[in-house]
Amino acid sequence: AVKTIAQTAIDSLVMPVCTAWTIESSTDPGAGQEDHIISVKRRDYAEYDRANMLNSIAALQSRVVSLEAAKFTLLDGSGTTNPSKFFWQVISLFEARAKPPVKMTYRAVGSGTGQHEFIGTNNGYMPYDQDFGSGDIPIGSSDYTALNTAGHEIMHFPFQMGAMSIFHNIPGIPKSG
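Reference entry: report on the structure contained in this document. Within each chain, residue numbers correspond to sequence positions counted from 1 in written order. Totals for whole chains, interfaces and linings use every residue, but because this is a predicted model, local features are given only for residues with pLDDT of at least 70 and side-chain atom pairs only at 80 or more, for both listing and counting. Only hydrogens and water are set aside when side-chain values are computed; all heavy atoms of the structure are taken into account.

1. Quick word on the overall build of the protein chain
Quick reminder of the rule: Under the DSSP-based scheme used, a helix requires at least four consecutive residues in state H or I and a strand at least two consecutive residues in state E, with every element numbered from the N terminus. Within these notes, the globule rule equals 2.2 Å times the number of residues to the 0.38 power, and the radius of gyration is based on C-alpha atoms. Here a residue-residue contact requires only that any non-hydrogen atoms of the pair lie within 4.5 Å.
Scanning the protein chain from terminus to terminus reveals 5 helices and 5 strands. The C-alpha radius of gyration of the protein chain comes to 39 Å, more than 25% above the 16 Å expected for a compact globule of 177 residues. Across its three principal directions, the C-alpha atoms of the protein chain cover 120 × 50 × 35 Å. Considering only contacts in the protein chain between residues 6 or more positions apart, those separated by 24 or more positions represent 52%.

Quick look at the structure:
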């Protein structure tokens, strides 16, 4: 009985008249712009998104190739602590402006350590992974000669002057200032 009632209800439904849709067969400009026509020139969003993604991948691949071609130079140094902030500021500016790219580091470890690492006396006068150094004391003439004899020509020049203070404590004298 329920099935008969349902079938009667379905049979009594009157469907509205629908306009027929057509699929355009031409890719000529202007064709397919009428109502109820599905254009063969239109793309769905997924197709558009894939095309953009493929273009982005191609651009990234091109950038990787250019970055790999422009290898950067790595320069490491160490030495006195006094001008370390000056060095780090200069290094930051130099890295930003250098062409081809340069990456620099400076370790503020003290003049003696900086000279020891740069001169490399115990390493056959080869620096310990160091390209430059800084010190409060000039490199001695014997070390300079030894480096030149080992085939390592170096440049040694003053670049910054700073004030130094001496503090002392003499027992029994009152504090001043």
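2. A few points about the pairing of strand β3 (residues 73–79)
On a regular strand, one side chain projects to one face of the sheet and the next to the other, so that they alternate. What counts here: Pairs of strands are assigned from DSSP output, requiring at least two bridges between the strands. We call a crossover right-handed when, viewed with the strands running away from us, the connection from the first strand over the helix to the second turns clockwise.
Across 7 bridges, β3 lies against strand β4 (residues 102–108) in parallel orientation. Looking at the pairing, glycine 79 lines up with alanine 108 of β4. Handedness of the β-α-β unit built from β3, helix α3 (residues 84–97) and β4 comes out right-handed. Bridge count for β3 against strand β5 (residues 132–134) is 3 bridges, and the pairing is parallel. Pairing of glycine 77 across the sheet is with phenylalanine 132, part of β5.

3. Regarding unusual backbone geometry
As a reminder, the rule being used: Exposed residues in this analysis have more than 50% of their type's maximum accessible area, buried residues have under 20%, and partly exposed residues fall in between, with area computed by a 1.4 Å probe over protein chains only.
Here the residue pair lysine 99 and proline 100 is connected by a cis peptide bond, since its omega of 0 degrees sits within 30 degrees of zero. Summarising the element assignment, proline 100 is placed in the loop between α3 and β4. Despite not being glycine, tyrosine 125 has its phi angle at roughly 55 degrees, a positive value. A positive phi angle, near 50 degrees, is found at aspartate 129, a position not held by glycine. Aspartate 129 gets classed as exposed once you look at its relative accessible area, which sits at 72%.

4. With respect to the nonpolar core
Which entries qualify depends on this criterion: Residues enter a nonpolar core if they are buried and are Ala, Val, Leu, Ile, Met, Phe, Trp, Tyr or Cys, with the set joined through side-chain atoms within 4.5 Å.
Ranked by size, the top nonpolar core spans 7 residues in total: Phe87, Ile91, Ala98, Val102, Met104, Tyr106 and Phe132. Only α3 and β4 provide two or more residues apiece to this core. By residue number, the principal contributor to this core is β4, which donates 3 residues. Leaving out residues up to four positions away in the same chain, isoleucine 91 has contacts with Met104, Thr105 and Tyr106.

5. Details of the sheet that holds β5
Defined as follows: Fitted lines through C-alpha atoms serve as axes, helices being fitted only where they are in contact, and the angles separating the N-to-C directions of these axes extend from 0 to 180 degrees.
One open sheet holds the 3 strands; their spatial order is β4-β3-β5, and the pairing between them is parallel. Either end of the sheet is taken by a strand with one partner, and the two such strands are β4 and β5. Taken over all neighbouring pairs, the strand axes of this sheet differ in orientation by 20 degrees on average, direction set aside. Relative to the sheet, α3 contacts β4 and β5, its axis offset from that of β4 by approximately 175 degrees. Across the sheet, helix α4 (residues 111–119) touches β3, β4 and β5, and the angle it forms with β3 is around 135 degrees.

Purely spatial values, then, with no claim about function.
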